[in-house]
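Overview (structure and organization)
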Protein chains: 2
Amino acid sequence: MSIQEQHVDRPYTGVIERLKNAGLRPTRQRLALAKLLFDGDDRHITAETLHAEVMAANVRVSLATVYNALHQFTRSGLLREVVVDSSRAYFDTNTTGHHHFFDEDTGDLSDIPDGEISVSSLPGAPIGKVLSGVEVVVRVRSQQ
Amino acid sequence: MSIQEQHVDRPYTGVIERLKNAGLRPTRQRLALAKLLFDGDDRHITAETLHAEVMAANVRVSLATVYNALHQFTRSGLLREVVVDSSRAYFDTNTTGHHHFFDEDTGDLSDIPDGEISVSSLPGAPIGKVLSGVEVVVRVRSQQ
DNA sequence: AGTTAGTTTAGAGTTATTCTAATTTATATC
DNA sequence: GATATAAATTAGAATAACTCTAAACTAACT
Ligand SMILES: [Mn+2]
Ligand SMILES: [Mn+2]
Ligand SMILES: [Zn+2]
Ligand SMILES: [Zn+2]
């Protein structure tokens, strides 16, 4: 059975397992959200964009639930938050270490291809503190 | 005349010049804010912390004016915005390129000493876009 | 001193997000 | 399969960080 057939026959199995492993009940809402997030290429989303998508897919999910799910998914390591804008939160389905371009005009967040950037000689955390992440954001603007 | 005497005799002269050069009238409010910001070591502030400070210095300045000033100062290159938190804006009096530690527990922002970090092989901006800044944020947490 | 453009401000408005408490649902147990 | 219960969802209110508006004030020029 090919991967495609698997998707057609049991479209939710992968996502159900993923949620159960994270200790989250596979509810109708979480399944729809997880399918949009994890069934395909990695993506960068905000609560509003994900809410719009799930509504467009004809699944009624409240915005509160979208926020709840984003935080739960992040807490269980299925998502990672990327801070690039002081007025809204972005989430990334790629939780491995990588860095970002952020277009300040359009709000587009995109990955910097691996190898095209590297941070060298990381400093140790200040005394009494422990390292929790390193983020490089390359800010760009559309046009000149 | 020593630098200290200059400060005692004409405490605002430096800051007045700075504002005039930026095309901003040296009002009572902007002078008080600029003195707190630029008269001493470089610092990282938010609108709320700066407002609290200026009030503590017994200068009545509205929060709206603090926001206005922060943006005007940023636009004229006296300040730089540092994005580390998706719910509030931080400003830095050090406008030269340098990177930051951000304590996610306390909200403390501090500089990574120059030389302790370096970003190599910067990627070119995607086509149609122009580079506007590179920020490295090393996130830390208090304790374990 | 008079004029005016720039500045400040109170308070209302906005936006992203969180909270609350009532309803609904997934799952374990009978 | 029905029942119990903890977990999840939700509408709507609340919050927090700003931003806007339009009236009052002031710096700076004449
Ligand atoms: Mn994936
Ligand atoms: Mn300084
Ligand atoms: Zn990414
Ligand atoms: Zn700094």
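Presented here is an overview of the structure given in this document. (Residues numbered from 1 in each chain as written. Chains lettered and ligands numbered in written order. Predicted model: local features only at pLDDT ≥ 70, side-chain atom pairs only at ≥ 80, totals over all residues. Heavy atoms only, no water.)

**Structural notes on the coordination of the zinc ion (ligand 4)**
Residues and elements named next belong to chain B. Filter applied, for reference: Water is absent from the atoms considered, so a metal site may look incomplete; donors are defined as N, O and S atoms within 2.8 Å of the metal, or 3.2 Å for Na, K and Ca. The helix count covers DSSP runs of H or I at least four residues long, the strand count covers runs of E at least two residues long, and both are numbered beginning at the N terminus. Categorising residues by exposure relies on relative accessible area from a 1.4 Å probe, with only protein chains included: less than 20% of the type maximum marks a residue as buried, more than 50% marks it as exposed, and the intermediate range marks it as partly exposed.
Taken together, H44 (NE2), D92 (OD), H98 (NE2), H100 (NE2) and D111 (OD) make up the protein donors of the zinc ion (ligand 4), found 2.0 to 2.2 Å from the metal. In primary-sequence terms, the residues that donate to the zinc ion (ligand 4) follow H-x47-D-x5-H-x1-H-x10-D. Placement of the pair is H44 in strand β1 (residues 44–45) and H98 in the loop between β3 (90–92) and β4 (99–103), with a sequence separation of 54 residues. On the basis of relative accessible area, H44 is assigned to the partly exposed category, the value being 21%. Its relative accessible area of 6% is what places H98 among the buried residues.

**Examining the sheet that holds strand β2 (residues 80–82) of chain A**
How we decide: A pair of strands counts as paired when DSSP detects no fewer than two bridges linking them.
Taken in spatial order, the three strands line up as β1-β3-β2 (chain A) in an open sheet, and their pairing is antiparallel. Of all the strands in the sheet, the pair left with one neighbour each is β1 (44–45) and β2 of chain A.

**Quick notes on the interface of chain B and chain A**
It is common to report an interface's size as the accessible area lost on association of the parts. Counted only if it meets this: When checking whether two residues touch, look at their non-hydrogen atoms; a contact exists if any pair is within 4.5 Å. A 1.4 Å probe defines the accessible area here, and the buried area is the portion of it lost by two parts on being joined, summed over both. Salt bridges are defined by distance alone: a side-chain nitrogen of Lys or Arg within 4 Å of a carboxyl oxygen of Asp or Glu. Polar contact is defined as a pair of N or O atoms within 3.5 Å, subject to the rule that within protein one atom must be able to donate a hydrogen and the other to accept it, and that residues adjacent in sequence are counted only when both atoms are side-chain atoms.
Counting residues at the interface gives 41 residues for chain B and 41 residues for chain A. Note on chain B versus chain A: buried area summed over both sides is about 3,100 Å², and carbon and sulfur give 52% of it. Remark: the boundary between chain B and chain A carries four salt bridges. Taking the shortest distance from any N to any O, the salt bridge between R139 of chain B and E135 of chain A comes out at 3.3 Å. Along the contact surface separating chain B from chain A lie 18 residue pairs in polar contact (both at pLDDT 80 or more). Counting residues per element, the ones that place at least two in the side of chain B that touches chain A are β4, β6 (118–120) and β7 (129–142) of chain B.

**Some words on the protein's contact with DNA strand C**
Going by this rule: Throughout, the term near means that a residue has one or more heavy atoms lying within 4 Å of the molecule or strand in question.
Among the 21 residues in the neighbourhood of DNA strand C, the closest are listed as Y67 and A89 of chain A together with T27, Q29 and R30 of chain B. Near the protein, meaning within 4 Å, the atoms of DNA strand C are sugar or phosphate in a fraction of 85%, with bases accounting for the rest. Separating a phosphate oxygen of DNA strand C from a backbone N or O atom of A89 of chain A is a distance of 2.6 Å. Where the surface near DNA strand C is concerned, the elements lending two or more residues are α5 (63–75) of chain A together with α3 (28–38) and α5 (63–75) of chain B. Top element by residues in the surface near DNA strand C is α5 of chain A. It accounts for four residues.

**Some words on unusual backbone geometry**
Residues and elements named next belong to chain A. Even without being a glycine, N58 presents a positive backbone phi close to 65°. Position of N58 among the secondary structure elements: in the loop between α4 (47–56) and α5. By relative accessible area, which is 73% here, N58 ends up exposed.

**Points about the sheet that holds strand β5 (residues 109–112) of chain B**
Counted only if it meets this: Fitted lines through C-alpha atoms serve as axes, helices being fitted only where they are in contact, and the angles separating the N-to-C directions of these axes extend from 0 to 180 degrees.
Taking strand neighbours across the sheet as the criterion, the six strands line up as β5(A)-β4(A)-β7(A)-β7(B)-β4(B)-β5(B) in an open arrangement whose pairing is mixed. The open sheet has two free edges, formed respectively by β5 (109–112) of chain A together with β5 of chain B, since each of these has just one partner strand. When strand polarity is set aside, the average angle formed by the axes of neighbouring strands in this sheet is 30°. Two strands pair when backbone bridges link them, and strand β7 (residues 129–142) of chain A and β7 of chain B are joined in this way by 13 bridges, in the antiparallel orientation. Pairing of V140 of chain A across the sheet is with L131 of chain B, part of β7 of chain B.

**Observations regarding the protein's contact with DNA strand D**
For clarity, the cut-off: Three categories are distinguished: nonpolar for Ala, Val, Leu, Ile, Met, Phe, Trp, Tyr, Cys and Pro, charged for Asp, Glu, Lys and Arg, and polar for the others, with Gly belonging to the last.
Taken together, 19 residues surround DNA strand D, and among them T27, Q29, R30 and T65 of chain A together with Y67 of chain B come closest. A share of 87% is what sugar and phosphate atoms reach among the atoms of DNA strand D within 4 Å of the protein. R25 of chain A is positioned with one of its side-chain polar atoms (N or O) 3.4 Å from a sugar or linking oxygen of DNA strand D. Interatomic distance of 2.5 Å between a side-chain N/O atom of R30 of chain A and a phosphate oxygen of DNA strand D. Those elements giving two or more residues to the surface near DNA strand D turn out to be α3 (28–38) and α5 of chain A together with α5 of chain B. When the residues that make up the surface near DNA strand D are grouped by side-chain class, the tally is six nonpolar, seven polar and six charged.

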